[in-house]
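# Per-entry structural report
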Amino acid sequence: MFKVLRVVIGRDLLLSMRRRADVANALLFFILVASLFPLGVGPEPNLLRTIAPGVIWVAALLASMLALGRMFAADYADGALEQMLLASAPLGLIVIGKAVAHWLVSGLPLMLLAPVLALQFDLPIDALLVLVASLALGTPSLTLIGSIGAALTLGVRGSGVLTSLLVLPLYVPVLILGTSAVDAAAGGVTVQAHLLLLTAFLIFAGAFAPWAAAAALRISLD
Amino acid sequence: MSRPSEAAQSPRPSFGGRINWFKYSSPQSFFPLAGAAIPWFAAAAALFCVAGLYVSFFVAPTDQQQGEAYRIIFIHVPAAWMSMFIYLVMAFWAGAGLVFNTRLSGMMASALAPTGALFTFVALWTGALWGKPTWGAWWVWDARLTSELILLFLYFGFIALTAAIDDPRRADRAAALFALVGVINIPIIYFSVQWWNTLHQGASVSLTRAPTMAATMFAGMILMALGFWMYSIAAAFIRVRCIILERERNTEWVAEYMREQR
Amino acid sequence: MNWESFDAFLAMGGYGFYVWGSYAVTFALIAMEVVLLRLRGREIMNQLIRAERPRRSAP
């Protein structure tokens, strides 16, 4: 079982390393969106501190959503996905492997980059740590939920916009929990409850999303 | 599991009182059934709506706190009920379609979606028009309103997904899976927004309704809800008949039906 | 009976805009859906009739 996971993760990581530009583009998008907000709302430090958690979280959410198309599209185009459906390993497990690999190249860099962006907004250090923690717990959920949307819209025309239409409403709980964790930290309130709820959501998503995404892949390749 | 279309084409006499429910799950045998039922549901919808409107405008007394503005809730609350109820029914058909692989289930689900979206929009619109005089704001980010908005997005996602996929079988199954994922998510969204709302207790307004509701007010809401319910069934049946004809246009029974029509 | 006159009925105690705005949009949308369903049904029937004609005239 772990061998399957290791093989799938290794393979997907290798493939995305060959297309480094895609990974870099999503990160650039994240930086750009977050940097546009101060230009849009004005440089008032108090205001920036107030909106920072929401802005950074929404930017991270959009950036991770942009990357969703890559999760299955290449394998779908070259027929590798059909082989995976026929493989003896459970499809749900393969989906987990692909989601982990996808998170490592899309979620993890966002998480590491977020504190730098937060400095632009003058967030206190405590809040920075909570921001990283909330992204560490939240972005995997985004990838897992997103995998369902990506699998459903496989090979459909205009699938990019459609995926966002399907997936964004489902992202709402993660966004709420993530931003309010950072808000609480910036306000000096304990953040344990927020992070626990994020963890609970992640476990829930980890248990159900790969299974649903596998069913969606079977439907799309039927 | 016997294939529904086969079961419908060879109606065996069923002994021992066993009813073959799958007989009615084929589009071919459901089509005339729905056609016969539509006028009854439409008439019931009109009847209940007229009675409901009469009660809500002429029988129910003026609310002491909200004045006449409260009369909006006679469509707001039933529309909100229907928006959620239709989504549940849609998810039920979607799940049935995925489990039993019946064609009609997917058609029913996609026939319900536009009507559900309509009632969701009505609930939001009337909520805004009720909120302005009552709370002083068109929109409040309260758990119920926000969940209703997300519900509208889920309906739109369902409709868009069905429309984007050319193969109707795949479209039905993909949209069905999305509906089921949505039905799991709605409670989570509701509770997360509610929890978030209690954190942001700034300029919030008390959302509790009047504690005692007059029996006539309740009767008005129930009558309107029944009217909307019957209307939804009628609209969904009309739409499912359109979908059946569109998808089965090349079958023998549709050709036969067209010959009978003239 | 709640209303002393038809004008009072329309005014809705000063909330006429909100109340009638709600009811008008609701029933306009329902009417719109009914019309759209009619059009859709007519469209598919016309298509089927058109598709049938060449088949009947061929033999």
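All values derive from a computational prediction rather than experimental measurement.

## Things to note about the overall build of chain C
On a plain count of helices and strands, chain C comes out with 2 helices and 0 strands. The 59 residues of chain C split such that 12% are buried.

## With respect to the overall build of chain A
Helix and strand counts for chain A stand at 9 helices and 0 strands. Ordered by position from the N terminus, the helices and strands of chain A form the series α-α-α-α-α-α-α-α-α. Relative to a compact globule of 222 residues, whose C-alpha radius of gyration would be 17 Å, chain A shows 18 Å and is just as compact. Each principal axis of the C-alpha atoms in chain A carries an extent, and together these give about 55 × 35 × 30 Å. Residue pairs in contact within chain A that sit at least 24 positions apart in sequence constitute 81% of those at least 6 positions apart.

## Details of the packing of helix H3 (residues 73-100) of chain B against helix H4 (residues 103-135) of chain B
Residue and element names in this part refer to chain B. Two elements in contact, H3 and H4, have axes whose closest approach is 7 Å; the angle formed by their N-to-C orientations is 160°. Taken together, the axes of H3 and H4 lie roughly antiparallel to each other. H4 is crossed by H3, and the crossing has left-handed handedness. Taken together, the residues of the contact of H3 with H4 break down into 21 nonpolar, 10 polar and no charged.

## Examining the interface of chain A and chain B
Taken together, the contact pairs 21 residues of chain A with 22 residues of chain B. Every element with two or more residues in the side of chain A that touches chain B is listed here: helix H7 (125-152), helix H8 (159-186) and helix H9 (192-220) of chain A. Broken down by element, the residue count for the side of chain A that touches chain B peaks at 10 residues, all from H8 of chain A. Its residues assigned to classes, the side of chain A that touches chain B shows 16 nonpolar, 3 polar and 2 charged.

## Structural notes on the confidence of the model for chain C
For chain C, the average pLDDT comes to 82, and 86% of its residues sit at 70 or higher. Complex prediction metrics read pTM 0.87 and ipTM 0.89.

## What to know about the interface of chain B and chain C
Between chain B and chain C, the contact holds 29 residues from the first and 23 residues from the second. Those elements that provide at least two residues to the side of chain B that touches chain C are H4, helix H7 (215-247) and helix H8 (252-261) of chain B. Here the side of chain B that touches chain C takes 9 residues from H4 of chain B, the largest share from any one element. Here the side of chain B that touches chain C is built from residues that sort into 19 nonpolar, 4 polar and 6 charged.

## Some thoughts on the packing of H8 of chain A against helix H5 (residues 143-164) of chain B
Remark: H8 of chain A packs on H5 of chain B, axes separated minimally by 9 Å, with the N-to-C direction vectors making an angle of 155°. Comparing the axis directions of H8 of chain A and H5 of chain B gives the class roughly antiparallel. Crossing of H8 of chain A over H5 of chain B shows left-handed handedness. Where H8 of chain A approaches H5 of chain B, its residues Leu-162, Leu-165, Leu-166, Pro-169 and Val-172 of chain A are matched on the opposing element by Ile-150, Phe-153, Leu-154, Phe-156, Gly-157, Ala-160, Leu-161 and Ala-164 of chain B. Classifying every residue of the contact of H8 of chain A with H5 of chain B gives 12 nonpolar, 1 polar and no charged.

## Here we look at unusual backbone geometry
Despite not being glycine, Asp-122 of chain A shows a phi value in the positive range, around 60°. Following the sequence through the fold, Asp-122 of chain A ends up in the loop between helix H6 (91-120) and H7. Here the phi dihedral of Asn-101 of chain B falls at roughly 60°; this positive angle occurs in a residue that is not glycine. Locating Asn-101 of chain B in the fold gives a position in the loop between H3 and H4.

## Some words on the arrangement of the chains
In this assembly, 2 pairs of chains are in contact, and the pair contributing the most contacts is chains B and C. At the C-alpha level, the nearest point of chain A lies 23 Å from chain C, with no contact between them.

## Description of the environment of Leu-47 of chain B
All names here are of chain B. You can see Leu-47 is positioned in helix H2 (residues 27-59). Leu-47 sits in the partly exposed class, given 14 other C-beta atoms within 10 Å. Between the C-alpha atoms of Leu-47 and Val-89, which are 42 residues apart in sequence, the distance is 23 Å.

## Thoughts on the nonpolar core
Ile-56, Ala-60 and Ala-216 of chain A together with Met-90, Ala-109, Leu-177 and Phe-178 of chain B are the most contacted members of the largest nonpolar core, which has 159 residues in total. Examining the composition of this core, we find that 19 residues originate from one element, H7 of chain B, more than from any other. Other than its neighbours up to four places away in sequence, Ala-109 of chain B contacts Met-90, Trp-93, Ala-94, Gly-97, Ala-175, Ala-176 and Ala-179 of chain B.

## Section: H9 of chain A
For H9 of chain A, built from 29 residues, the straight-helix expectation of 42 Å at 1.5 Å per residue is met to within 8% by its first-to-last C-alpha distance of 40 Å. Within H9 of chain A, the axis deviates most sharply at Gly-206 of chain A, by approximately 30°, and proline Pro-210 of chain A lies no more than four positions further along.

## Thoughts on the environment of Ile-125 of chain A
Residues and elements named next belong to chain A. Relative to the elements of secondary structure, Ile-125 occurs in helix H7. Accessibility expressed as a C-beta count within 10 Å gives 11 for Ile-125, which makes it exposed. Sequence-wise, Ile-125 and Ala-73 are 52 residues apart; in three dimensions their C-alpha atoms are separated by 39 Å.

## What about the confidence of the model for chain A?
When the pLDDT values of chain A are averaged, the result is 88; 100% of them are 70 or greater. At the low end of the mean pLDDT range in chain A sits helix H5 (residues 80-86) of chain A, at 84; at the high end sits H7 of chain A, at 92.

## Some remarks on the environment of Leu-175 of chain A
All names here are of chain A. As for its position among the elements, Leu-175 is in helix H8. The class of Leu-175 is partly exposed, set by 19 C-beta atoms lying within 10 Å. Put simply, Leu-175 and Leu-198 are 23 residues apart on the chain and 9.7 Å apart in space, counted from C-alpha to C-alpha. Residue contacts for Leu-175: discarding those within four places in its chain leaves Trp-57 and Leu-61.

Criteria and cut-off values
- Residues numbered from 1 in each chain as written.
- Chains lettered and ligands numbered in written order.
- Predicted model: local features only at pLDDT ≥ 70, side-chain atom pairs only at ≥ 80, totals over all residues.
- Helix = DSSP H or I, 4+ residues; strand = E, 2+ residues; numbered from the N terminus.
- Buried ≥ 20, exposed ≤ 12 C-beta atoms within 10 Å, placed from the backbone.
- Rg over C-alpha atoms; globule rule 2.2 N^0.38 Å.
- Contact = placed C-beta atoms within 7 Å.
- Axes fitted to C-alpha atoms, helices over the stretch in contact; angles between N-to-C directions.
- Parallel < 35°, antiparallel > 145°, perpendicular 65-115°, else oblique.
- Left-handed = near helix turned anticlockwise from the far one by under 90°.
- Nonpolar A, V, L, I, M, F, W, Y, C, P; charged D, E, K, R; others polar.
- pLDDT = per-residue confidence, 0-100.
- Core = buried A, V, L, I, M, F, W, Y, C linked by C-beta atoms within 7 Å.
- Expected span 1.5 Å × (residues − 1).
- Bend = angle between axes of the 7 residues up to and from the residue.

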